[in-house]
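# Topology and contacts: notes
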Amino acid sequence: MRLPAALLCLALGACGFQLRGTADVPFETIYVPTVAGGIGLELKRNIQAGTRAKVVDDAKQAEAILEFTQESREKEILSLTGTGRVREFQLRYRVGFRVHDGKGNNYVPQSTLELTRDVTYDDADVLAKESEEQLLYRDMQGDMVQQIMRRLSSAQKPKA
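Not measured: the values here are computed from a predicted model.

Cut-off values and rules
Residues numbered from 1 in each chain as written. Predicted model: local features only at pLDDT ≥ 70, side-chain atom pairs only at ≥ 80, totals over all residues. Heavy atoms only, no water. Helix = DSSP H or I, 4+ residues; strand = E, 2+ residues; numbered from the N terminus. Polar contact = N/O pair within 3.5 Å; in protein donor to acceptor, adjacent residues only side chain to side chain. Contact = heavy atoms within 4.5 Å. Core = buried A, V, L, I, M, F, W, Y, C linked by side-chain atoms within 4.5 Å. Buried < 20%, exposed > 50% of the residue type's maximum accessible area, 1.4 Å probe, protein only. Salt bridge = Lys/Arg side-chain N within 4 Å of Asp/Glu carboxyl O.

Let's shift gears to the side chain of Thr51. Looking at the element boundaries, Thr51 is found in the loop between helix H2 (39-50) and strand S2 (54-56). Here Ile47 takes part through its backbone oxygen, which lies 2.6 Å from a polar atom of the side chain of Thr51. Polar contacts involving the side chain of Thr51 include one to the main-chain amide nitrogen of Ala53, which spans 3.2 Å. Residues within four places of Thr51 in sequence aside, it is in contact with Thr22, Ala23, Val25, Asn46 and Met149.

In terms of nonpolar packing, the biggest core is built from 31 residues, with Ile47, Phe68, Ile148 and Leu152 touching the most fellow members. At the level of elements, H2, strand S3 (64-80), strand S4 (86-100), strand S5 (106-120) and helix H3 (126-153) are the ones that each hand at least two residues to this core. The biggest single contributor to this core is H3, with eight residues.

With that out of the way, let us pick up the pattern of salt bridges. As enumerated under the stated definition, the model contains 13 salt bridges in all. Between Glu132 and Lys129 there is a salt bridge whose closest N-O contact spans 3.1 Å. Of this pair, Glu132 and Lys129 both sit in helix H3, three residues apart, which is roughly one turn of the helix. One salt-bridge network, held together by shared partners, links Glu74, Glu76, Arg92, Arg94 and Glu114.

Right, here's the structure in full:
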């Protein structure tokens, strides 16, 4: 019974699989502002759980400062029916940010990330489609946090 488990572990290790674990970031402390959209809170939680860096409440005490320059949600019509009613939307979630040391040096230069999702629409299911839209935006926010975390883990210490 132990042999199959050992073979499975050996096979997974041989293919390069490893658990996500903690990300290495080039700073010990970071300040993350709380923004109305909720991405700041989710990002704080991910940094605390997924890195060795400590999130501080005062920007002056932080080695790195995350600054959000933009956060927007947009909804664009993609297609219409023959009678002129909306058939399909595209949801866009865009976040602009940079990470700096407070002295003008960047860990992560100004970056803008954008996620999109296409959604069908039906006049008969207005409430269900509104709920679906909110769930998709929440899912997109989670994906955005993961993308920002990957950017943080690939950041380099600024050259003074």
